[in-house]
Amino acid sequence: MKKVIDSLPKKTPAERSAMRENARKMAESGDAKKSEQAEAFLAALDQYETDLAAVEYDHLSSLDEVGKIKEAFTRVPPTDTQVNLIKVIAETPGGTAGQLSSALRWEGLTWQMHFGMMAKDRQAYLWPAPPSEHRKQPSGEAATFYCGLLTTYDKKTSGFTLKPEARAAFVALGLIK
């Protein structure tokens, strides 16, 4: 059991999740010895992940906004499509969602939807997304404006521009020039 617990730092989150699921099954197996071992492992895994979360929080808290964006896009690398989303806004500051979509040969507001999802997928490494000033949830509350994590939005022109810290991070990552 000690070997398995000692191996946790070398395991990916997906591997730890599979280990957790296996231990839960073992705990429910009806075998008292296996159940006891599984419960001990689950307690050790919970403690490891709690400690890991604290370290992660401390690390992310120590970073400035550029550092957080770099960390987010390093931990969750952008797809080719996402790199294109970043490039098109970098090359078209102030572009509307329609213009940015057209530059990618897409229609409508597709750019905004994909860019927002890209930002949402990395929000855990960044900061809370601002509320939308234009869209509401069914409850009447403001929807979340995920594009606002990395862009500024000009209400008068309906244009999007990369925030300076996002531009600096993307340049440092080699995603744009």
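Our subject is the structure listed above.
Residues numbered from 1 in each chain as written. Predicted model: local features only at pLDDT ≥ 70, side-chain atom pairs only at ≥ 80, totals over all residues. Heavy atoms only, no water.

K.L.:
Tell me about the overall build of the protein chain, and please be specific about residues and values.
P.N.:
The helix and strand tally for the protein chain stands at eight helices and five strands. Along the protein chain, helices (α) and strands (β) appear in the sequence α-α-α-α-α-β-α-α-β-β-β-β-α when read from the amino end. Computed over C-alpha atoms, the radius of gyration of the protein chain comes to 21 Å, more than 25% over the 16 Å expected from 2.2 N^0.38 for 177 residues, which places it beyond the range of a compact globule. The dimensions of the protein chain, computed from C-alpha atoms along their principal axes, are 65 × 40 × 30 Å. Evaluated residue by residue, the protein chain yields a buried proportion of 33% over its 177 residues. Long-range pairs, those at least 24 residues apart, make up 50% of the contacts in the protein chain between residues at least 6 apart in sequence. Roughly 10,800 Å² of accessible area belongs to the protein chain as shown, and the carbon and sulfur atoms make up 53% of that amount. For the protein chain, the distance from the average site of its 24 positive side-chain charges to the average site of its 23 negative ones is 4 Å. (Helix = DSSP H or I, 4+ residues; strand = E, 2+ residues; numbered from the N terminus. Rg over C-alpha atoms; globule rule 2.2 N^0.38 Å. Buried < 20%, exposed > 50% of the residue type's maximum accessible area, 1.4 Å probe, protein only. Contact = heavy atoms within 4.5 Å. Areas by Shrake-Rupley, 256 points an atom, 1.4 Å probe, with all protein chains shown as cover. Lys, Arg positive; Asp, Glu negative; His and termini not counted. Charge placed at Lys NZ, Arg CZ, Asp CG, Glu CD.)

K.L.:
I'd love a proper account of the pairing of strand E5 (residues 159-162), names of residues and values included.
P.N.:
Note that strand E1 (residues 95-96) and E5 share two bridges and pair antiparallel. In the sheet register, Thr96 faces E5, and the bridge partner there is Gly159. Here strand E4 (residues 151-154) runs beside E5; their pairing, made up of four bridges, is antiparallel. Note that in E5 the partner of Asp154 across the bridge is Gly159. (Pairing = 2+ DSSP bridges.)

K.L.:
Can you lay out the side chain of Thr151 for me, pointing to particular residues and giving the numbers?
P.N.:
With respect to the secondary-structure elements, Thr151 resides in strand E4. A polar atom in the side chain of Thr151 sits 2.7 Å from the backbone oxygen of Cys147. (Polar contact = N/O pair within 3.5 Å; in protein donor to acceptor, adjacent residues only side chain to side chain.)

K.L.:
Which residues make up the nonpolar core, and what values do they have?
P.N.:
Ile69, Trp111, Phe115, Leu150 and Phe170 are the most contacted members of the largest nonpolar core, which totals 30 residues. Elements with a contribution of two residues or more to this core: helix H4 (65-75), helix H5 (80-91), helix H6 (97-103), helix H7 (110-120), E5 and helix H8 (164-172). Among the elements that make up this core, the one with the highest residue count is H5 (six residues). Other than its neighbours up to four places away in sequence, Ile69 contacts Leu126, Trp127, Leu150, Glu165, Ala166, Ala169 and Phe170. With eight residues, the next largest nonpolar core counts Met19, Ala23, Ala38 and Phe41 among its residues. (Core = buried A, V, L, I, M, F, W, Y, C linked by side-chain atoms within 4.5 Å.)

K.L.:
Residue-level account of the packing of helix H3 (residues 32-61) against H4, with values.
P.N.:
Remark: H3 packs on H4, axes separated minimally by 10 Å, with the N-to-C direction vectors making an angle of 135°. Classified by the angle their axes make, H3 and H4 are oblique. In contact with Glu56, His59 and Leu60 of H3, H4 contributes Lys68, Glu71 and Arg75. Of the residues that constitute the contact of H3 with H4, the class distribution is one nonpolar, one polar and four charged. (Axes fitted to C-alpha atoms, helices over the stretch in contact; angles between N-to-C directions. Parallel < 35°, antiparallel > 145°, perpendicular 65-115°, else oblique. Nonpolar A, V, L, I, M, F, W, Y, C, P; charged D, E, K, R; others polar.)

K.L.:
An account of the pattern of salt bridges is requested, with residue identities and associated values reported.
P.N.:
If you walk through the whole model with that rule in mind, you get eight salt bridges. Here Glu49 makes a salt bridge to Arg16, at a shortest N to O gap of 3.0 Å. Highlighted residues: Glu49 in helix H3 and Arg16 in helix H2 (residues 13-27), separated in sequence by 33 residues. Under the relative-accessibility criterion, Arg16 is labelled buried at 7%. Across the pair Arg75 and Glu71 runs a salt bridge, and its minimum N-O distance is 2.7 Å. With Arg75 and Glu71 both in helix H4 and four residues apart, the pair spans about one turn of that helix. When its relative accessible area of 33% is taken as the criterion, Arg75 is described as partly exposed. For Glu71, a relative accessible area of 17% corresponds to the buried category. Through salt bridges that share partners, Arg16, Arg20, Asp46 and Glu49 make up one connected network. (Salt bridge = Lys/Arg side-chain N within 4 Å of Asp/Glu carboxyl O.)

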